[in-house]
Amino acid sequence: MAGITVVGAGVIGLTVAHELAAAGHRVHIVAARDAAASVSAVAAALWFPHDVQHSAQVLSSAGVTYDRLMRLSADPATGVRMRSGTVLARRPDPDLSWTSAVPDHQRVSGSRLPAGASGVRCTVPVVVTGVYLGWLRSAVVALGVRLSTAPVTSLAELIDGSGSDAFVVAAGLGSAALLGDDDQAYPIRGQVVRLANPGLTEWITDDDNPQGLTYVVPRDQDVVCGGTGDVGSWDEAVHPQVEAAILERVGALVPALRGQPVLSRAAGLRPARTSVRVEAVAGHRKPVFACYGHGGAGFTLSWGDAAVVTRLVGA
Ligand SMILES: Cc1cc2nc3c(=O)[nH]c(=O)nc-3n(C[C@H](O)[C@H](O)[C@H](O)COP(=O)(O)OP(=O)(O)OC[C@H]3O[C@@H](n4cnc5c(N)ncnc54)[C@H](O)[C@@H]3O)c2cc1C
């Protein structure tokens, strides 16, 4: 078994480290920031392959992750909940390829949906990020993984200065700069506002809303309300006028949210790429593997892609 350094401690780095350690490797995570201070902490985080190409690999990883998260939901301490909800579609030919990974789903239409919309009702995992990322970090530590907080400025220096046998770059939006061979990665800015939960359990997403991307994801105490999908924007600030527009849209979609107190607000940059990158990367002094570019689907693909990395490392 090998010594492996994973760069990144967001949902992807932690999950990859978990699976490598579970396979018997000695794993060290190096990350500039803890998961709680990463994009992963901003996510909604509903199981759905959003802002990623629905390739066969993505759908396979989404299916593996669905199953794993469903099993984890049996223990409330993980922060994973199985929740029913609706994916709205406002086009005549919506891409429903993702339903292949969801055991329980059905097409719906009618007067309870916005005019002209159809939808798919299904039950999927919803991850309470604050609870889950803490649980995942503890699970990783329990498997013997070592964590260090430090920025990596040069992958070559990390390789030369570390005794590890192999390296996994799972640094989200920081990955392309570290690898230096990728011009296909870009941010998609997302802003959310979290409201007090008036008792909702059902989530709803309305990507094609003519007023703008809209979603409502109830967690335990709060409801994540979004959102925006600003392609190419590096702006991490929360903008009050954007929040006002989000509140208007979610109030129209779910009237019970009108007037609910704002508990917190956030903006984050989804680490997008023309396609998710999970592969061995040639040209380094030791084996290097990439696992990044998960767009708006890092939670949705995490366990599946961690399994792929573990297979690549073990090969
Ligand atoms: C508003 C919003 C809503 C979302 N909703 C969903 C959803 O409903 N479902 C879903 O599945 N996904 C959702 N996402 C997407 C999800 O958050 C991301 O896909 C996921 O967090 C990516 O995880 P990551 O570990 O790759 O990146 P990050 O969480 O960004 O973690 C990157 C890690 O790498 C480290 N790092 C970066 N550069 C370096 C460096 N040079 N040296 C050392 N460390 C470095 C960072 O410090 C951090 O630890 C949403 C995102 C946003 C912004």
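**Q** Run through the overall build of the protein chain, naming residues and quoting values.
**A** Of regular secondary structure, the protein chain possesses seven helices and 15 strands. When the backbone C-alpha atoms are referred to their principal axes, the protein chain occupies close to 60 × 40 × 35 Å. By residue count, 55% of the 315 residues in the protein chain fall in the buried class. In the protein chain, of all internal contacts separated by at least 6 residues, the share reaching a separation of at least 24 is 76%.

**Q** Can you break down the site of the ligand residue by residue, with the values?
**A** Near the ligand lie 37 residues; those nearest to it are R33, S40, L46, G295 and T300. The backbone of R33 places a nitrogen or oxygen atom 2.7 Å from an oxygen atom of the ligand. In the environment of the ligand, an oxygen atom lies 2.9 Å from a nitrogen or oxygen atom belonging to the backbone of G298. If the ligand stood free it would expose 1,000 Å²; the protein chains cover 92% of that surface. The set of elements that each furnish at least two residues to the shell around the ligand consists of α1 (11-22), β8 (185-196), β13 (262-273) and α7 (298-314). Of the residues in the shell around the ligand, the class split is 22 nonpolar, 13 polar and two charged.

**Q** Give me the packing of aromatic side chains: which residues, what numbers.
**A** Evaluated as defined, the whole model comprises four aromatic pairs. Aromatic side chains W47 and Y66 sit 5.4 Å apart centroid to centroid with 85° between the ring planes, which places their arrangement in the edge-to-face category. Separated by 19 residues along the polypeptide, W47 in the loop between β2 (26-31) and α2 (56-72) and Y66 in helix α2 bring together distant segments of the chain. Judged by its relative accessible area of 2%, W47 is buried. Ring centres 4.9 Å apart and planes at 65° place the aromatic pair F48 and W98 in the edge-to-face group. Remark: W98 occurs in the loop between β3 (80-89) and β4 (105-108) and F48 occurs in the loop between β2 and α2; sequence separation between them is 50 residues. An identical accessibility class is assigned to F48 and W98; each is buried.

**Q** Could you give an account of the pairing of strand β11 (residues 222-226), naming the residues involved and the relevant values?
**A** Buried residues dominate β11, accounting for five of its five residues. Of the two faces of β11, the one carrying D222, V224 and G226 and the one carrying V223 and C225 are both buried. Of the strand pairs in this sheet, β8 and β11 are connected by five bridges, and their pairing is antiparallel. Counterpart to R194 in the pairing with β11 is V224. Here four bridges tie strand β10 (residues 214-218) to β11, and the two strands are oriented antiparallel to one another. The residue bridging V216 from the neighbouring strand is C225, located in β11. The loop that links β10 with its antiparallel partner β11 comprises three residues.

Rules behind the numbers
Residues numbered from 1 in each chain as written. Predicted model: local features only at pLDDT ≥ 70, side-chain atom pairs only at ≥ 80, totals over all residues. Heavy atoms only, no water. Helix = DSSP H or I, 4+ residues; strand = E, 2+ residues; numbered from the N terminus. Buried < 20%, exposed > 50% of the residue type's maximum accessible area, 1.4 Å probe, protein only. Contact = heavy atoms within 4.5 Å. Near = heavy atom within 4 Å. Polar contact = N/O pair within 3.5 Å; in protein donor to acceptor, adjacent residues only side chain to side chain. Areas by Shrake-Rupley, 256 points an atom, 1.4 Å probe, with all protein chains shown as cover. Nonpolar A, V, L, I, M, F, W, Y, C, P; charged D, E, K, R; others polar. Phe/Tyr/Trp six-rings, centres within 6.5 Å; stacked < 30°, edge-to-face > 60°. Pairing = 2+ DSSP bridges.

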